Amino acid sequence: MYRLLPTALLTALVISVGAFNMPTQAQTPSMPKVQSGNGRPYEIADSEVWDVPDPVSKRGYQVFVALPPSYATQPQRTYPVLYVTDADYAFPIIRQLARRLNVEGPQIEEFILVGLSYGKGEDGGFSRKRDYTPTPNGPSTASPDSIHGQAQAYQQYLRDQVKPFVNDRYRAAPARAIFLGHSYGALLGTQILFTEPGMFSGYILGSPSLWYDKRHALKLEASYAKQNQDLKANVYLYVGAYEALRKGDPRYNQTVDMVADNRAFEAALQSRKYPSLNLKSAVLNDEDHLSVAPRGFTQGLKYLLPAR
């Protein structure tokens, strides 16, 4: 049987052993989910899956939702919403990063995480090539059965189906919706940024495939600039240093220079001098197209959702 120690003695013990030698704002670790066991799939705590089909294309899609730790205890609070493409891998990574960053005190603001699935029953590569690319002119190396160029239809689905679903069901702050995409997902993000920028208030665009269809995205940017004097958005761009073109060195890209493309994109945006654009761009050292994503996610969260 345990007995409580007198306050003075407890204080002395704490001081002598440094038991509370931690940041004063450190969060109490949440109780870990007890998993089912017996070979059942691992479940992500505080997450939900909803079917949100597209009535236009008749395709089935799902959204994965992870609620922040304070959602249940602060019923009057509204939250920014982060929408992430390629949810099969990005959703669990970002869900854990969001909690990890705040373990020893708040570094980022809490948010509702929404993962955007591939088409139900479809191969992920097939689904993303179709839904995330802006024109049908895919790379010549694509398999014969690949379909490209339906990003406009998918953008409409996000606007008319996914965002209303999330805003109606959760305590979302509609004016604080953020888009995150990597590679083809970021290519989709650039299309939204220059055709319907108000759809999201912030954009994390990682290693965007700006090379696609003879740099179609850069043409979109130039077209937008001719017709607009401002771009109201917060944008974080990232790319891995090894995504530069250096033939013969296996650490680097061998066909396209994504670092040069990213820098050209950054320079173009800066040259417009949009009053309402907040832009940060980073080339992350020692990273390639695959390894850079978790690090880029982290930096993007810290830039767009700093703790208040």
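Use the structure listed above.
Residues numbered from 1 in each chain as written. Predicted model: local features only at pLDDT ≥ 70, side-chain atom pairs only at ≥ 80, totals over all residues. Heavy atoms only, no water.

Draft legend 1. Expanded view of the packing of aromatic side chains. Here the structure, examined in full by the defined rule, presents 20 aromatic pairs. A centroid spacing of 5.6 Å and a plane angle of 35° characterise the contact between Tyr 71 and Tyr 79, whose relative ring orientation is tilted. Judged by its relative accessible area of 0%, Tyr 79 falls in the buried class. Ring geometry for Trp 211 and Tyr 212: centres 6.0 Å apart, planes at 50°, overall tilted. Residue classification places Trp 211 among the partly exposed residues on the basis of a relative accessible area of 24%. Among the residues examined, Tyr 212 registers a relative accessible area of 1% and is labelled buried. Counting every residue linked through ring pairs, the aromatic cluster contains Tyr 61, Tyr 132, Tyr 154 and Tyr 157. Between the NZ or CZ atom of Lys 163 and the centre of the ring of Phe 200, over which it lies, the distance is 5.0 Å. Directly above the aromatic system of Tyr 252 lies the positively charged group of Arg 246, at a separation of 4.1 Å from the ring centroid. (Phe/Tyr/Trp six-rings, centres within 6.5 Å; stacked < 30°, edge-to-face > 60°. Buried < 20%, exposed > 50% of the residue type's maximum accessible area, 1.4 Å probe, protein only. Lys NZ or Arg CZ within 6 Å of the ring centre and 35° of its normal.)

Draft legend 2. Quick peek at the nonpolar core. Core analysis: the biggest nonpolar cluster contains 51 residues, and Tyr 83, Ile 112, Val 114, Leu 158, Val 162, Tyr 203 and Leu 205 have the highest contact counts within it. Other than its neighbours up to four places away in sequence, Val 114 contacts Val 63, Phe 64, Val 65, Val 81, Leu 82, Tyr 83, Val 84 and Val 166. (Core = buried A, V, L, I, M, F, W, Y, C linked by side-chain atoms within 4.5 Å. Contact = heavy atoms within 4.5 Å.)

Draft legend 3. Seen up close, the pattern of salt bridges. Following the criterion strictly, the structure yields 15 salt bridges and no others. For Glu 109, the salt bridge goes to Arg 176, with nearest N and O atoms at 2.8 Å. Linking Glu 109 in the loop between α2 (87-100) and β4 (112-116) with Arg 176 in strand β5 (residues 172-182), this pair joins segments that are 67 residues apart in sequence. Overall, the relative accessible area of 10% leaves Glu 109 in the buried class. Judged by its relative accessible area of 23%, Arg 176 falls in the partly exposed class. Where Arg 272 meets Glu 221, a salt bridge forms, and the shortest distance between an N and an O atom there is 2.8 Å. Placement of Arg 272 in helix α7 (residues 258-272) and of Glu 221 in helix α6 (residues 212-227) is noted, with a sequence separation of 51 residues between them. Look at the salt bridges and you will find they share partners, linking Glu 109, Arg 176 and Arg 308 into a network. (Salt bridge = Lys/Arg side-chain N within 4 Å of Asp/Glu carboxyl O. Helix = DSSP H or I, 4+ residues; strand = E, 2+ residues; numbered from the N terminus.)

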